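One-letter residues, chain by chain:
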Amino acid sequence: MRRVNLNRKRNEKGNALIELAVVSIVIIPLFFGMVGIGINLGHMNQAVQISRDVGHMYAKGVDFSQAGNQNIVIDLATGTGITTTGGNGVVTLSQVIQVYQADCNAAGYSSSQCTNLGQLVFINRIVIGNSGLRASNYGTPTSSIVNSSGNIAAADYLTNSSAVVTGTLSSEMTSAGFTLSDGAIAYLSELYLSTPDISYLGTVGSGGVYGKAVF
């Protein structure tokens, strides 16, 4: 009888190891997935907050083409690894207007010459950080029409197709009850942060997070 009990205990120990191995196949990936989601949520909150803070300052007239003001962005993004010209993130700032006939008239263009009439267009674009990580969700003006201060001349934003805002910004603003009257400017702040700290997980969203704000 004692020998039978010993054999039974040995068999139970073997079964327990097999059960642990089977459960581990599910539990371990689930654990790391939960860790990754938690870290990613933290990054997303950080991206949204930074984009709002920078966008608010941008709307208040802070000139982020100046190196000193760009360092403010880097300070706000402490811990993300972003630098003024590289690193693990990129901030894209844009000023947007809607082109009205009065704008065309002021520049001496007729309706047929003013090809961007009625469109949302960029009049300023500033990029801080690693521009190669991600482009704006709403289009990128040709670099040749953007000066060192980020400004785009009227002759270009009224006629150059690359200055036209693409994507869903127009519908997003309409849904939010945000209408641009003649002469009004929308200030758009976008931030993308790469997340190398969770890339080893291979999960969806481990490449980076995105936040934006419009003022």
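Just above sits the structure.
Per chain, residues are indexed from 1 in the order of the written sequence. Residues qualify for local features only when their pLDDT is at least 70, as the model is predicted, and side-chain atom pairs are given and counted only at 80 or more; totals for whole chains, interfaces and linings, by contrast, use all residues. With hydrogens and water excluded, all non-hydrogen atoms of the structure serve as input to the side-chain values.

## Quick notes on the sheet that holds strand β2 (residues 120–129)
How we decide: Two strands are counted as paired when DSSP detects at least two bridges linking them. By the criteria applied, helices consist of DSSP H or I runs no shorter than four residues and strands consist of E runs no shorter than two, each listed in order from the N terminus. The convention used is that axes are lines fitted to C-alpha atoms, helices contributing only their stretch in contact, and that angles between N-to-C directions extend from 0 to 180 degrees.
Pairing is antiparallel across the open sheet formed by four strands, whose spatial order is β2-β1-β3-β4. Among the strands making up the open sheet, the edge pair consists of β2 and β4 (208–214). Here the strands of the sheet are splayed against their neighbours by 15 degrees on average, with no regard to which way each runs. Direction of pairing for strand β1 (residues 89–98) relative to β2: antiparallel, over a ladder of nine bridges. When the bridges of β2 are listed, S94 appears paired with R125.

## Thoughts on the layout of surface pockets
This is how the line gets drawn: Residues are called lining when one of their atoms sits within 4 Å of a cavity or pocket point, these points coming from a 1 Å grid over the protein atoms alone, where a cavity is a set in which a 1.4 Å probe fits but cannot get out and a pocket is an open set with protein on both sides within 12 Å along at least five of seven lines. Grid points are joined across faces, edges and corners, and a volume is the space filled by probe spheres set on the points. Note that Gly is not counted as nonpolar here; it falls among the polar residues with everything else outside the nonpolar set of Ala, Val, Leu, Ile, Met, Phe, Trp, Tyr, Cys and Pro and the charged set of Asp, Glu, Lys and Arg.
Of the pockets and cavities examined, the largest pocket occupies roughly 190 Å³. Residue lining of the largest pocket: 14 residues in total, with R125, I126, V127, V146 and G150 positioned closest to the centre. Looking at the lining of the largest pocket, the element that brings in the most residues is β2, giving three residues. Here the residues of the lining of the largest pocket sort into five nonpolar, eight polar and one charged.

## Some points on empty space enclosed by the protein
All chains considered together, the criterion is met by one cavity of 30 Å³ or more. Within the residue set of the lining of the largest cavity, elements represented by two or more residues are β1 and β3 (186–194). The greatest single-element share of the lining of the largest cavity, amounting to three residues, is contributed by β3. When grouped by side-chain class, the residues that make up the lining of the largest cavity number five nonpolar, two polar and two charged.

## Structural notes on the pattern of salt bridges
Condition: Salt bridge, as used here: a side-chain nitrogen of Lys or Arg that lies within 4 Å of a carboxyl oxygen of Asp or Glu. Using a 1.4 Å probe on the protein chains alone, a residue whose accessible area is under 20% of its type maximum counts as buried, one over 50% counts as exposed, and one in between counts as partly exposed.
Summed over the entire model, instances satisfying the criterion amount to one salt bridge. In this structure, K212 and E172 form a salt bridge, with 2.6 Å as the shortest nitrogen-oxygen distance. Here K212, found in strand β4, pairs with E172, found in helix α5 (residues 169–175); they are 40 residues apart in sequence, far enough to count as distant. Residue K212 is classed as partly exposed on the basis of its relative accessible area of 31%.

## Regarding the packing of aromatic side chains
The geometry of two aromatic rings is summed up by the distance between their centres and the angle between their planes. Going by this rule: The criterion for an aromatic pair is that two Phe, Tyr or Trp rings (for Trp, the six-membered ring) have centres within 6.5 Å, with stacked assigned to planes under 30 degrees apart, edge-to-face to planes over 60 apart and tilted to the rest.
This model, assessed by the stated rule, comprises two aromatic pairs. Considering the side-chain rings of Y58 and F64, the 6.5 Å spacing of their centres and the 50 degrees angle between planes classify their relative orientation as tilted. Relative accessible area serves as the criterion here: at 0%, F64 is assigned to the buried category. For the ring pair Y58 and Y187, a centre distance of 5.5 Å and an interplane angle of 90 degrees mean the geometry is edge-to-face. You can see Y58 sitting in helix α1 (residues 2–59) and its partner Y187 sitting in strand β3, a full 129 residues away along the chain. Aromatic rings pair up to connect Y58, F64 and Y187 into one cluster.

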